[in-house]
Amino acid sequence: MKKYFFISALLLCFFSSQARHVAGGELFYEYIGPGNLSGSASSVYRITLRLFRDCATSGPVLEAENVTVGVYSNDNNLLVSTVPLPLFNAVSTIALNTNVFPCLVGNVNVCYEIGIYTATVTLPDNVTGYTLSRTGCCRVDRLSNLAIATNVGSNYVTKIPGTGVLGAGHNNSPQFFVRDTALVCARKRFTLDFSARDADGDSLSYSFCEAYSAPSGANNSGPTRSLSLIPLPYASIYSGAYPLGSEVSINAATGIINGIAPPEGQYVVNVCITEWRAGKPISEHRKDFILKVQNCDIIEAVLPEKIIQCKDSIVHFENLSTSASITSYRWDFGDGTNNFSASPTVNYPYEDTGMYIARLTVTGPQGCVGSATTRVFVYPGFQPAFSVLGSCVQNPYQFKDLTSTRYGTVNSWRWDLGDDESTADTSLSRNTSYTYPKPSVKDVKLIVTSSKGCIDSVFQQLTVADKPKLQLPFKDTLICSIDTLAIPVLNTGSFSWQPNRNILFANSSSPLVFPKDTTRYIVTLNDNGCVNSDTVTVNVLSFINVQLGNDSLICQTDTFRLRPVSEALSYRWSSSSGVSINNVKFPLVQPLVNTQYYVTANLGKCQDRDTVLIKVAPYPIAIAGPDTTICFGTRIQLRSTVTGSSLNWTPTSSLIDPTVGSPVAGPSRTTTYLLHVTDTAGCNKPVTDSVVVTVAPPIPAHAGRDTAVLANQPLQLQASGGLRYTWYPEYGLSNPSIPNPLATLDASIDSIRYRVRVSDAAGCYAYDEILVRVYKTGPDIFVPSAFTPNGDGKNDILRPVTLGISQLTYFRVYNRWGQLIFGTSELGKGWDGVFNGAPQAANTYVYEAEGTDYTGKTVYRKGTSVLIR
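Residues numbered from 1 in each chain as written. Predicted model: local features only at pLDDT ≥ 70, side-chain atom pairs only at ≥ 80, totals over all residues. Heavy atoms only, no water.

Thoughts on the confidence of the model for the protein
Which entries qualify depends on this criterion: As a per-residue quantity, pLDDT reports the predictor's confidence and falls between 0 and 100. Residue contacts are counted whenever heavy atoms from the two residues lie within 4.5 Å of one another.
Scored by pLDDT, the protein comes out at a mean of 91, with 97% of its residues at no less than 70. Contacts for the low-pLDDT stretch residues 1–19, under 50 throughout, to residues beyond four places or in other chains number 104 contacts.

So, the side chain of Thr 824
This is how it is decided: Think of it this way: any DSSP run of H or I at least four residues long counts as a helix, any run of E at least two long counts as a strand, and we number them from the N terminus. Definition of a polar contact: a pair of N or O atoms within 3.5 Å, with one able to donate and the other able to accept a hydrogen when the atoms are protein atoms, and with sequence-neighbouring residues admitted only if both atoms are side-chain atoms.
Turning to its location among the elements, Thr 824 is positioned in strand E71 (residues 820–824). A distance of 3.2 Å separates a polar atom in the side chain of Thr 824 from the backbone nitrogen of Glu 826. Beyond its immediate sequence surroundings of up to four residues, Thr 824 is in contact with Leu 808, Tyr 810, Phe 811 and Lys 829.

Quick notes on a nonpolar patch on the surface
We apply this condition: Patch membership requires over 30% relative accessible area and the absence of a salt bridge. Like charges are linked within 9 Å, and nonpolar side chains (Val, Leu, Ile, Met, Phe, Trp, Tyr) within 5 Å. All accessible-area figures derive from a Shrake-Rupley calculation using a 1.4 Å probe, and residue coverage is judged against the displayed protein chains alone. Salt-bridge detection follows one rule: a side-chain nitrogen of Lys or Arg within 4 Å of a carboxyl oxygen of Asp or Glu.
On the surface, Tyr 728, Tyr 765 and Tyr 767 cluster together to form a nonpolar patch covering roughly 290 Å² of accessible area. One can find Tyr 767 in strand E66 (residues 765–775).

Comments concerning the pairing of strand E25 (residues 328–332)
Consecutive side chains along a regular strand alternate between the two faces of the sheet. Threshold: Each residue's exposure class comes from its accessible area (1.4 Å probe, protein chains only) as a fraction of the maximum for that residue type: buried when under 20%, exposed when over 50%, partly exposed otherwise. DSSP-based pairing: two strands are paired if at least 2 bridges between them are found.
Residue alternation in E25 divides its side chains into a buried set, Tyr 329 and Trp 331, and an unburied set, Ser 328, Arg 330 and Asp 332. Pairing of E25 with strand E28 (residues 354–363) involves 5 bridges; the strand directions are antiparallel. Residue Ser 328 lies in a different strand from E28, and its bridge partner there is Thr 363. In this structure, E25 lies alongside strand E26 (residues 340–341), joined through 2 bridges in antiparallel fashion. Along E26, the bridge assignment pairs Asp 332 with Phe 340.

As for the packing of aromatic side chains
Any two aromatic rings considered together are summarised by their centre-to-centre distance and by the angle between their planes. Applicable threshold: Two aromatic rings, drawn from Phe, Tyr or Trp (for Trp, its six-membered ring), form a pair once their centres lie within 6.5 Å of each other, and the interplanar angle then sorts them: stacked below 30 degrees, edge-to-face above 60, tilted otherwise.
In the structure shown here, the tally under the stated rule is 22 aromatic pairs. Seen in terms of ring centroids, Phe 386 and Trp 415 are 5.2 Å apart; in terms of plane orientation they differ by 75°. Their pairing is edge-to-face. A residue pair is termed long-range when its members are at least 10 positions apart, and Phe 386 in strand E30 (residues 386–389) and Trp 415 in strand E32 (residues 410–416) qualify at 29 residues. Given the relative accessible area of 0%, Trp 415 is considered buried. Ring pairing ties together the aromatic residues Phe 317, Trp 331, Phe 333, Tyr 348, Tyr 350 and Tyr 356, which thus form one cluster.

As for the sheet that holds strand E31 (residues 397–401)
So the rule is basically this: Where helices are involved, their axes are fitted lines through C-alpha atoms of the stretch in contact, as for all axes, and angles between N-to-C directions lie from 0 to 180°.
Read from one edge of the open sheet, 3 strands run E30-E31-E34, paired in antiparallel fashion. Across the chains shown, the open sheet's two edge strands, defined by having one partner strand only, are E30 and strand E34 (432–434). Adjacent strand axes in the sheet meet at a mean angle of 20°, parallel and antiparallel pairs treated alike.

Describing the state of the cysteines
Rules: Note on terminology: disulfide denotes any pair of cysteine sulfur atoms within 2.5 Å.
Considering all chains together, one arrives at 8 disulfides under this definition. A sulfur-sulfur distance of 1.9 Å marks the disulfide that ties Cys 209 to Cys 272. Between Cys 209 and Cys 272, the disulfide has an S-S torsion of 85° and is therefore right-handed. Taken together, the positions of Cys 209 in the loop between strand E15 (203–208) and strand E16 (212–213) and Cys 272 in strand E20 (residues 265–277) put the pair 63 residues apart, joining distant regions of the chain. With relative accessibility at 12%, the residue Cys 209 sits in the buried group. Shown here is the disulfide that connects Cys 310 with Cys 454, its sulfur atoms set 1.8 Å apart.

Given below as structure tokens:
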């Protein structure tokens with residue numbers, strides 16, 4: 001059974017007229033004895049109001065509360081008496097000891113002061129009884145389940161039944177137990193015992209119901225002249241029946257409130273008790289309270305008292321607690337094995353039947369541990385079922401239990417036969433019968449249990465007909481004129497068939513008919529006064545024939561459906577190849593060779609035969625060849641194998657003659673070519689095959705930028721883009737087969753153009769060139785005397801041209817005022833005529849450049865250059 005803490009927070013609320021401090025209240029009464037009013041019988045009652053005040057409030061104390069109760073006659077709801085209730089004894093205090101909850105997460109404080117106000121009153125006995133009412137101005141503000149959350153009044157009510165209900169007896173109202181220091185955490189499962197005791201021993205039933213507000217100004221002037229019961233204005237998703245939302249309910253028999261709490265806030269809740277005496281309701285009692293849902297959590301394990309699994313051996317386990325602070329789970333399934341689980345939910349297969357004790361242990365922060373056990377009963381094979389037999393509304397329907405169980409015995413039945421207009425449509429017998437008052441559709445339910453604790457239900461929808469439904473084997477059929485036909489009907493009762501000719505057993509459920517031409521038979525059924533008729537049309541043929549059509553040609557391996565034209569009802573097939581064929585009207589066949597098919601068609605004793613030849617032709621052959629790879633910019637001849645009368649390739653854009661078997665393909669990107677082959681001489685279905693020609697990406701061959709060197713100055717060439725390199729001419733190169741040979745050229749060479757072949761692993765290649773000029777002077781830095789930055793790609797950049805310079809120290813450009821407008825130390829970089837984002841005017845500019853030659857000497861040059869626009 002369960003071991004867990006109730007975490008529920010109850011804040012019962014009754015508010016005084018002047019301050020929103022009262023946290024709950026209940027108005028109840030006790031019968032003291034007969035009264036001594038002259039002229040009529042009377043009774044003395046002690047009326048008591050129990051008020052709760054939140055210990056943390058700063059509002060008025062309970063000692064200052066002014067309590068007056070109005071007594072109203074139930075025959076006209078008019079005020080007959082006012083009863084002041086003084087405070088009885090000292091105010092007491094109750095509080096929740098949160099220290100007993102070591103796994104409580106959150107700052108929680110539950111404390112109330114209790115004031116008891118009581119007095120006696122003598123009331124004349126009357127037929128209708130009285131309603132007691134105490135009104136107050138305002139509840140606390142910020143009520144979460146009301147559409148108007150502030151300045152809402154309260155009206156606390158109980159009823160005294162009259163002699164019209166009690167006769168010569170008397171009544172004491174129920175009194176709710178004071179269990180108001182419980183705790184409810186937001187969006188967590190909770191259970192709250194809201195039961196009551198009754199001094200008379202009356203039966204009590206519980207429900208949520210509408211709470212009442214107070215008329216305007218009620219608390220200042222006392223009870224009003226007439227009783228006013230004004231329902232509270234609930235917010236859209238809440239109501240008196242669902243004050244905490246759809247996930248919280250109250251047990252009608254026990255008064256236990258449970259479910260998943262709503263979000264954090266304060267909620268008005270009203271519980272109504274109906275008193276029952278001798279099976280009849282005699283009065284109603286209420287308690288209006290405010291449930292304070294708090295921001296808290298607790299580590300707990302919650303399991304049902306027992307789990308009964310009767311469908312199969314797999315049992316579903318889950319923690320019923322909604323705690324968000326649990327850090328680990330451990331399930332022990334109690335079957336003596338070492339099978340444990342750390343999952344929050346488990347579907348565990350038990351290997352044997354029986355009763356087991358399963359345990360869940362959960363842990364949370366700060367070492368908090370919660371545990372719970374449950375009894376698990378595993379008895380699979382319990383299958384509820386029932387049958388219904390009946391003909392029409394005039395006769396009783398028979399309900400038969402067909403429930404089966406592999407373990408134990410079926411030991412109880414509860415039938416609900418679905419007649420909403422009667423209370424006699426239930427039964428506890430295994431089998432039962434019932435006569436419905438009128439034709440209708442009924443939902444029949446059977447609840448069954450077993451001696452092993454299994455319980456299950458099964459439903460059927462029953463159509464209660466005004467007449468029996470005839471269960472004919474067919475409505476329209478065909479026979480040969482020399483045949484006899486049986487027409488079996490599945491109903492029971494008395495039968496008659498018309499016309500009474502060419503028929504045997506015309507007063508039975510299975511007549512034999514042998515009409516010579518088409519006849520419409522009418523059958524009438526009388527099932528104990530339930531009468532219905534229906535018809536069967538028997539079409540008659542003197543003979544039949546069957547036609548399979550013309551001989552045909554199909555492609556080999558294709559399937560083919562034989563379609564005979566005939567009114568026959570049965571067919572027998574055979575073939576020249578010996579392959580068996582289904583004896584249906586339209587069989588599916590797959591001839592692999594030329595095949596003759598034979599059919600014998602029958603309509604009773606009438607018979608006909610036919611045959612058809614199905615020839616087969618092989619499919620065309622299309623083999624496009626293996627996939628291949630080519631270099632970018634090259635071509636390849638496709639080589640296919642074809643058997644057929646015509647072919648074509650697609651796509652055609654990169655093919656030379658796509659209508660031949662071996663076209664030349666020159667795609668610029670990877671392409672899948674489709675070969676389509678047809679054959680007009682045999683199988684005319686096209687066949688397609690494909691070949692993928694993968695185009696290797698182009699080689700990004702690069703020999704380097706054109707350059708200039710001094711005579712006998714070593715120049716490091718640097719090619720890129722592939723795996724293998726070949727330079728030519730080989731003149732002056734240290735190694736023509738590497739990407740970076742040294743080139744040393746003497747003064748006899750003015751310039752030389754080197755060409756390099758770059759290839760990859762697939763053998764694809766590309767070429768690039770580099771021009772090397774040879775100067776006979778020493779190392780130097782040249783700067784053009786003018787440049788035109790107009791964007792035409794010619795002489796747009798003012799840059800230094802270096803000879804024999806291994807490192808550029810700087811290149812700087814100044815305007816005529818000596819302002820530095822450009823500078824760089826990178827070889828190949830220059831000025832584009834722009835300074836601070838603005839194009840500079842046409843003018844003369846000064847430059848200076850300094851570098852280090854390949855021997856380590858410094859070279860410096862200074863001069864001017866003209867910017868031309």
